[in-house]
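A look at the structure
Here is how the chains run, residue by residue.
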Amino acid sequence: MRINKRLKQMDEENIFEQVSIRVNNFKKEKPSANVISLGVGDVSKPVIETVAKAMKNAVDDLTDIKTFKGYGSFYGYDFLKEAILENEYKDQNFSLDEVYISSGAKTDTTSILELFDEESKILITDVMYPIYKDGAAALSRDVEIMKVYEEDKFVAKVPKEKYDIIYICSPNNPIGIAYTKDELKAWVDYAIANDAVILYDNVYSSFVKSPNVAKSIYEIKGARSVAIEFRSFSKHASFTGVRCSYYLIPKEIKEDINYYWKKRTINRFNGADYIAQKGAEASFSKESQEELAKNVDAYLKGAKTLKEAFQRNGFKVWGGEDSPFLWIKTKDKQGSWDFFDKFLKELNIIIIPGRIFGEGGDGYFRVSALAPEEVINEAINRIDTYYKN
Ligand code: PLP
C-alpha cells in the first residue's frame, strides 16, 4: 500500500502544530512563565443559554420514539434552512433546495471541490487560510497561487489569466480585512466574464460593520450566477465544539448544479447533527440574536484596543474592523518565526507567525481578539511595558 503522496507534500511550515511544539518546549524550559495566548482562532465565550436549552430539548426529542430523528437530513432540516433564509437572506428568494446544512466550514470549503472537474484551474491567494491549499491537495487537486501585497492592503486583484475556481475569504483570516463591495464586484465581474465560480468563505459575516462591506456576496449584482457562499455558526454562536455550518449553491450557476451536488452529497455525508441544527435554529431567536450581537461587539472592542496598543508601540496593523483578527508587520524586518519566538520568550505571549498562512506571510504575524478580555488586557500591559508606552 502507498500513502497519498500529496499528504507528504503538505507544507510543514504551514502547520499550526509547530506553534504548540515551540510553546510546549518553552514551558518545559521555563515552567514559571505565565504564557498567555493571542494566537487561537477559537472563541472564548460559551454557548448562550437559549441555544443550550434548545439543544437539551433536542436530546429529549431523541429519547422519545414519537420525536426521534435518525438518518434523513442529508442536506439539512427545513426548519434550519427556513430560519437561515428568513434571517440571513431575506428578500433574496433563495429556495430551500439551494441551501445545505453541514458540520463545519473547514470541511465544506474544500469538499466542494468534488463538484468541479479535476482539470479545473483553482486560484488561491498567498497569504490565505491554509486549509484551502492543503485540503485541495488531500483531494489531489492542484492549486495556483497568487500573491497579495501590502500596497494593496492584501486585497487580491483580478488577474489577466483565466481561472475556473477562485477562493475568496472575506472578512479574511488571517488578514482581518474585508473586501469592499467594489473590490468584490470586480471579482464577480471577472467570474462572469470567465465562466468561473467564486468559493466565498464568509464565516466571519456577523463581524461585518463597515457600510462599504457586503454581509453576503449575493448583495453584489450578478453574484448569484457565479458564487457559492459558506458560513458557519462556529464564531457567531460559539459552535466551534458543537459543529454546524451552511452554504448556498444558487441554481443560477447552472440549472443542474444542485442535482449533481445532491447526488454527490447523499453518497458522502449522512447529514449534520440534529441537536446542533436545533441549537443553530435557536440562535436566530430575537433574544439569542441580541445576546450574540453583544458577544461580537465585545470581540470587536477587544480587536480595537489591541490594534491601538500595537499601533502606539510603532507597529503597522491591518484588520480588526470587520473581523476579530489583526495582521501585524514584525519589527526590523524580522522573520515571522523569529518574531514568534521573541514574543513567546520575552513577553510570554503566543502570536501566530504569518508564515503559517503562506510564504508571503513571512515578516508578519496574526493576533486574535477572540481571546478572553482579561488576556487581551494583560497582553496590552505587557506590550506597553516592553515597548515603553
Ligand atoms: N473558514 C475560515 C476562514 C476560518 O477561519 C475557519 C475557522 O477558523 C473556518 C473556515 C472553519 O469553520 P468551522 O468551524 O465551521 O469548520
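Conventions and cut-offs
- For every chain, the first residue of the written sequence is number 1, and numbering continues from 1 onward in sequence order.
- The predicted nature of this model means local features are confined to residues of pLDDT at least 70 and side-chain atom pairs, given and counted, to a pLDDT of 80 or more, with totals for whole chains, interfaces and linings taken over all residues.
- For the side-chain quantities, the full set of heavy atoms in the structure was used; hydrogens and water were omitted.
- Think of it this way: any DSSP run of H or I at least four residues long counts as a helix, any run of E at least two long counts as a strand, and we number them from the N terminus.
- We compute the radius of gyration from the C-alpha atoms alone; for a globule the expected value is 2.2 Å times N to the 0.38, where N is the number of residues.
- Burial classes: relative accessible area under 20% of the type maximum marks a residue as buried, over 50% as exposed, and values in between as partly exposed (1.4 Å probe, protein chains only).
- By definition in these notes, contact holds between two residues if any of their heavy atoms fall within 4.5 Å.
- What sets the accessible areas is the Shrake-Rupley method with a 1.4 Å probe; for residues, cover comes only from the shown protein chains.
- Two strands are said to pair when DSSP picks up at least two bridges between them.
- Whenever a helix is involved, its axis is fitted only over the stretch in contact; in every case the axis is a line through C-alpha atoms, and angles between N-to-C directions fall within 0 to 180 degrees.
- Whether a residue is near a molecule or strand depends on its heavy atoms: if one lies within 4 Å, it is near.
- Under the rule applied, a polar contact is a pair of N or O atoms within 3.5 Å (in protein, one hydrogen donor and one hydrogen acceptor; residues adjacent in sequence only if both atoms are side-chain atoms).
- Points on a 1 Å grid over protein atoms alone make up a cavity when a 1.4 Å probe fits among them but cannot get out, and a pocket when they form an open set with protein on both sides within 12 Å along at least five of seven lines; lining residues each have an atom within 4 Å of a point.
- For a molecule to be placed in a cavity or pocket, more than half of its atoms must lie within 2 Å of the grid points of that cavity or pocket.
- Asp, Glu, Lys and Arg are counted as charged, while Ala, Val, Leu, Ile, Met, Phe, Trp, Tyr, Cys and Pro are counted as nonpolar; the rest, among them Gly, fall into the polar class.
- Here, expected helix span is obtained from the residue count minus one, scaled by 1.5 Å.
- Directions are taken from the helix axis to each C-beta atom, and the arc is the one they span.

1. Some thoughts on the overall build of the protein chain
The number of helices and strands found in the protein chain is 12 helices and 13 strands. Whereas a compact globule of 389 residues would reach a radius of gyration of roughly 21 Å, the protein chain reaches 21 Å, a difference of no more than 12%. Each of the three principal axes of the protein chain carries a C-alpha extent, and together these read 60 × 55 × 55 Å. Per-residue burial over the protein chain gives 55% buried out of 389 residues. Counted over contacts in the protein chain with a minimum sequence separation of 6, partners at least 24 positions apart contribute 74%. Total accessible area on the protein chain is roughly 18,100 Å²; 50% of this is exposed by carbon and sulfur atoms.

2. Examining the sheet that holds strand β3 (residues 122-126)
Paired through their backbone hydrogen bonds, the strands of a sheet run either parallel or antiparallel. Sheet architecture is open: 7 strands sit in the order β2-β8-β7-β6-β5-β3-β4, paired in mixed fashion. Strand pairing shows two members of the sheet lacking a second neighbour, β2 (99-102) and β4 (143-147), which therefore form its edges. Adjacent strand axes in the sheet meet at a mean angle of 25 degrees when their direction is disregarded. Inspection of the sheet shows strand β7 (residues 227-232) paired to strand β8 (residues 245-248) by 4 bridges, in the antiparallel sense. Bridging across to β8, phenylalanine 230 finds its partner in tyrosine 247.

3. Describing the site of the ligand
Not every one of the 13 residues close to the ligand is listed here, only the nearest: Asp201, Tyr204, Ser232, Ser234 and Lys235. In the model, a nitrogen atom of the ligand is placed 2.7 Å from a nitrogen or oxygen of the aspartate 201 side chain. Alone, the ligand offers 390 Å² of accessible surface; in the complex the protein occludes 91% of this. Judged by the fraction of its atoms near the pocket grid, the ligand is located in the largest pocket. Of the residues that constitute the shell around the ligand, the class distribution is 5 nonpolar, 4 polar and 4 charged.

4. Topic: helix α3 (residues 49-63)
Here α3 contains 15 residues, and its C-alpha end-to-end distance of 21 Å stays within 8% of the 21 Å for a straight helix at 1.5 Å per residue. For α3, every residue scored as buried is listed here: Val51, Ala52, Ala54, Met55 and Ala58. All buried residues of α3 project into a common sector of 160 degrees when viewed along the axis, lining one side. Residues of α3 that are exposed and point over 90 degrees away from its buried face: Glu49, Lys53, Lys56 and Thr63.

5. Digging into the pairing of β3
The buried fraction of β3 is high, at 5 of 5 residues. The two faces of β3 match: Ile122, Ile124 and Asp126 on one face and Leu123 and Thr125 on the other face are all buried. Both β3 and β4 contribute to a ladder of 5 bridges, which runs parallel. The partner of threonine 125 across the bridge, within β4, is methionine 146.

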